[in-house]
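# Per-entry structural report
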There are 2 protein chains.
Amino acid sequence: MNSEIIAIGSELLTPWRQDTNSLYITEKLTELGVSVAFKTIAGDRRKHLVSAVRTALQRVDIVVITGGLGPTEDDLTREAVAEALNIGIKRDPDIIAHLYARAAARRMTMTRNNEKQADVLDGATILANPRGSAPGQWLDTVYGDHRKLIMLLPGPPGEMKPLFDEQCRPRLEGILPKRAFARRTLKAAMIGESAADARIAPIYTQYQDVETTILAHMCDIQIDLFCAKPFASLAQTRVDELAERLEEELDDVLYSSQGESLEQIVLYYLGMRGATISVAESCTGGLVAERLTSISGSSRSFMGGAVVYSDQLKTEFAGVSPALIERHGAVSREVATALAEGIRLRCETTFGVGITGIAGPGGGTEEKPVGLVYISVSDGEYTETVEKRFSGDRERIRFFASHQALDLVRRRLM
Amino acid sequence: MNSEIIAIGSELLTPWRQDTNSLYITEKLTELGVSVAFKTIAGDRRKHLVSAVRTALQRVDIVVITGGLGPTEDDLTREAVAEALNIGIKRDPDIIAHLYARAAARRMTMTRNNEKQADVLDGATILANPRGSAPGQWLDTVYGDHRKLIMLLPGPPGEMKPLFDEQCRPRLEGILPKRAFARRTLKAAMIGESAADARIAPIYTQYQDVETTILAHMCDIQIDLFCAKPFASLAQTRVDELAERLEEELDDVLYSSQGESLEQIVLYYLGMRGATISVAESCTGGLVAERLTSISGSSRSFMGGAVVYSDQLKTEFAGVSPALIERHGAVSREVATALAEGIRLRCETTFGVGITGIAGPGGGTEEKPVGLVYISVSDGEYTETVEKRFSGDRERIRFFASHQALDLVRRRLM
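Under an unreviewed UniProt entry, the name given to chain A is CinA-like protein, and the source organism is Paracidobacterium acidisoli. The Sequence similarities (unreviewed entry) comment attached to chain A in UniProt states, word for word, "Belongs to the CinA family."

This is how it looks when you write it as structure tokens:
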């Protein structure tokens, strides 16, 4: 069976808003074995909605519609679906009573126009929506001699998602052939999408029954594996087998085999070893600290650090000697090393990280161009300092530098 | 005239990827006075593409298609449009020559399948694409007795955007009635979307000719004003008049009347006054430093600071006395004040900022719940410390705290 998702709302046709509900629904439908053939976005105009619904009914088996179920004049989904199917609508007294009770419980007066949320399509099953006022509707009907499933769901994601999971999913499972699935997510750092694909394509193409998707965010790669089978154990076996082979191939860059972020992995290994960490950041300006502290519980391993934008603060907070800065320049292997070693001593942590570089767009020279970054990790016994030349804009260079720093720490911990 | 944007590519029907080209095209079409009535996303299946194109031709005047112009078997846009319009395709020898020359210049051998990128629809104008291999196509034709404009554009945004601007836009301007427009963006901090709307709706609803859009990101509000008129000066006058009235109404929360970010505004005023700033962050973990240093040129005013997650580092880096922490707790008005005053002295800056709080989800108590944050700004003469109770998850609480800190600095500078 195939499907179409229709997102309704004029705000979704502006340059500023995007339909995101369809991503969630796509994931859930895929798990159930339903492919998504089309997505359509239409504004709050009855004529347009009728056109969108009719078009979908002509080309797919399952139509999932989000939005346009509220109480305002612009909420026209119910009327449009009725017109497209040429069926009637009845106002349901139980829903009206529920709407008044809901308003009373919130000490609000319900205006008359709210009653339109009680309009139910002939033959539809009402999908109760405890998180909002407008209920969803489920219609199992016939259009042009073909069976069609039509779902009307509210637009707010906080209402739509649980309503789909609790009420649409079980109904779909009852209708569709039984299917089980398994998923795995692998992650790798400091490798590009095409480089990763060139290495793993010869492997994953041997697994035609596992859907492999590579997603890249700058220098971070996520590999999603998905397999559907009649039995869960079969699907899991295939996904795990492919995951194992990919892990082996990407051994030098892979940091997660269960979808964790690089920050989580670093903090996990630090915690396991009872180790602590501090950072002295120049060009990343606090990004490494911010990323580590975005993880709840990071205070067990991350003690703190310094953002040392000025030369004076490199000395004040990380004990870098002014003579060293004078001799080699603030952006140098020597200063990165001194930052890592200095911040480690000042913060009395197991590891110290130092970063200095030129994030641009200004400040580059021929000798020290924009994108040149030195990253250093010290544990007191051994200090490793790497020189990198990242390309791209300020945001990209800063992210690459922070990612490289976290990855260096991870490698030291492994 | 109205339009439909069709994004083509099976990857756009997965849970992980989204069409974003349409946001750019929507903005440009709106400026030209063309409304976007529908957006459709279809996968790389010829039958589906023909259905999508035919549906669009039946309901709108202008059809903009992105993607599916590449050299692979999955690239079927040209064939699908030809089938939908029932017209022929010819392979263009000039484009073939260009493709071979392009490959040679890059020292690549061009495989035969690449030649399909030279297929041109009967009657179409070729839109040269210097940034990629597949050219775009422009078709001014008739379908069912109505004039239709059809644009075939490449999928990569780096190729699509300049191609639209350089080749489609001038052609559309030649066909559509003359129109000029003006835009303005206002921004306000620490106010919610509905609170802002309640205050400004009575004003902007008086300007029916100006399109007003409110966008909220957590506690940051962006108000976009857009007006189209036959003359630019007319549009500008209306937008400026409304902007002035909105600025007056939101005087207490507005920080930008030209779309600048809060970070940019803070750095701008610091620069104007020749002032410098440093930060001592506990619960925000470097987020304020990271936000300030994300702006190029921030090193003129931002000297650096400390991320003081542990109590020990609050003392070490910001000189907060252990007795004070002992007496009031690390999350307290007194410690926030001491952090601001201490970091200012240590960094020898005009202003010092101190932040301490409980970002959660763990660590809260009845007396000091998750979301409690103290934020302090000191200039040596006067230290202002505020207590806030933010709701939401860790990310939200940290963002609110960083935004409040930047806004406090801005208010001090005004």
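## Re the interface of chain B and chain A
It is common to give the size of an interface as the accessible area that goes away when the parts come together. At the interface, 65 residues of chain B touch 65 residues of chain A. Together chain B and chain A conceal approximately 5,200 Å² of surface at their shared face, both sides included; 57% is due to carbon and sulfur atoms. Broken down residue by residue, the surface that chain B buries against chain A is led by W16, Q18 and K39 of chain B, which jointly contribute 13%. For the pair chain B and chain A, the number of links is six salt bridges. Seen at the junction of chain B and chain A, the total is 32 residue pairs in polar contact (both at pLDDT 80 or more). Counted by class, the side of chain B that touches chain A contains 27 nonpolar, 24 polar and 14 charged residues. Relative to strand β14 (residues 302-308) of chain B, strand β14 (residues 302-308) of chain A runs antiparallel, the two being bridged by five bridges. Among the inter-strand pairings, A306 of chain A is bridged to a residue of β14 of chain B, identified as A306 of chain B.

## Comments concerning the environment of R389 of chain B
Residues and elements named next belong to chain B. The residue R389 is located in strand β17 (residues 383-389) in this model. The exposure class assigned to R389 is exposed, which follows from its relative accessible area of 53%. Between the C-alpha atom of R389 and that of P369, which follows or precedes it by 20 residues, the distance is 8.3 Å. If we ignore the near neighbours within four places in the chain, the residues touching R389 are E367, P369, G371 and L372.

## Digging into the domain arrangement of chain A
Once the domains are mapped, chain A shows domain 1 (2-175), domain 2 (180-256) and domain 3 (262-413). Each of domain 1 of chain A and domain 3 of chain A was reduced to a C-alpha centroid, and the two centroids are 50 Å apart.

## Section: the sheet that holds strand β10 (residues 210-217) of chain A
Residue and element names in this part refer to chain A. A sheet is described by the order of its strands in space; here four strands give the open sequence β10-β11-β9-β12, paired in antiparallel fashion. Both outer strands of the open sheet, β10 and β12 (254-256), are each paired with one neighbouring strand and no more. Neighbour to neighbour, the strand axes of the sheet diverge by 30° on average, direction disregarded. Sitting on the sheet, helix α7 (residues 232-249) touches β9 (180-189), β10, β11 (220-229) and β12, and the angle it makes with β9 is about 15°.

## As for unusual backbone geometry
Of the consecutive residues G360 of chain A and P361 of chain A, the connecting peptide bond is found in the cis state with omega at 0°. Inspection of the secondary structure assignment puts P361 of chain A in the loop between β15 (351-357) and β16 (372-378). Positive phi, normally seen in glycine, also occurs at M190 of chain B, with a value near 60°. Examined against the element boundaries, M190 of chain B turns out to sit in the loop between β9 (180-189) and α6 (193-204). The partly exposed category is assigned to M190 of chain B, whose relative accessible area is 23%. Even without glycine at this site, E348 of chain B takes up a positive phi of about 55°. Topologically, E348 of chain B is positioned in the loop between α12 (333-347) and β15 (351-357). With a relative accessible area of 61%, E348 of chain B lands in the exposed category.

About the cut-offs
- Residues numbered from 1 in each chain as written.
- Chains lettered and ligands numbered in written order.
- Predicted model: local features only at pLDDT ≥ 70, side-chain atom pairs only at ≥ 80, totals over all residues.
- Heavy atoms only, no water.
- UniProt positions renumbered as here; feature names shortened; annotations may be inferred.
- Contact = heavy atoms within 4.5 Å.
- Buried area = accessible area lost by both parts, 1.4 Å probe.
- Salt bridge = Lys/Arg side-chain N within 4 Å of Asp/Glu carboxyl O.
- Polar contact = N/O pair within 3.5 Å; in protein donor to acceptor, adjacent residues only side chain to side chain.
- Nonpolar A, V, L, I, M, F, W, Y, C, P; charged D, E, K, R; others polar.
- Pairing = 2+ DSSP bridges.
- Helix = DSSP H or I, 4+ residues; strand = E, 2+ residues; numbered from the N terminus.
- Buried < 20%, exposed > 50% of the residue type's maximum accessible area, 1.4 Å probe, protein only.
- Domains from an automatic or database assignment.
- Axes fitted to C-alpha atoms, helices over the stretch in contact; angles between N-to-C directions.

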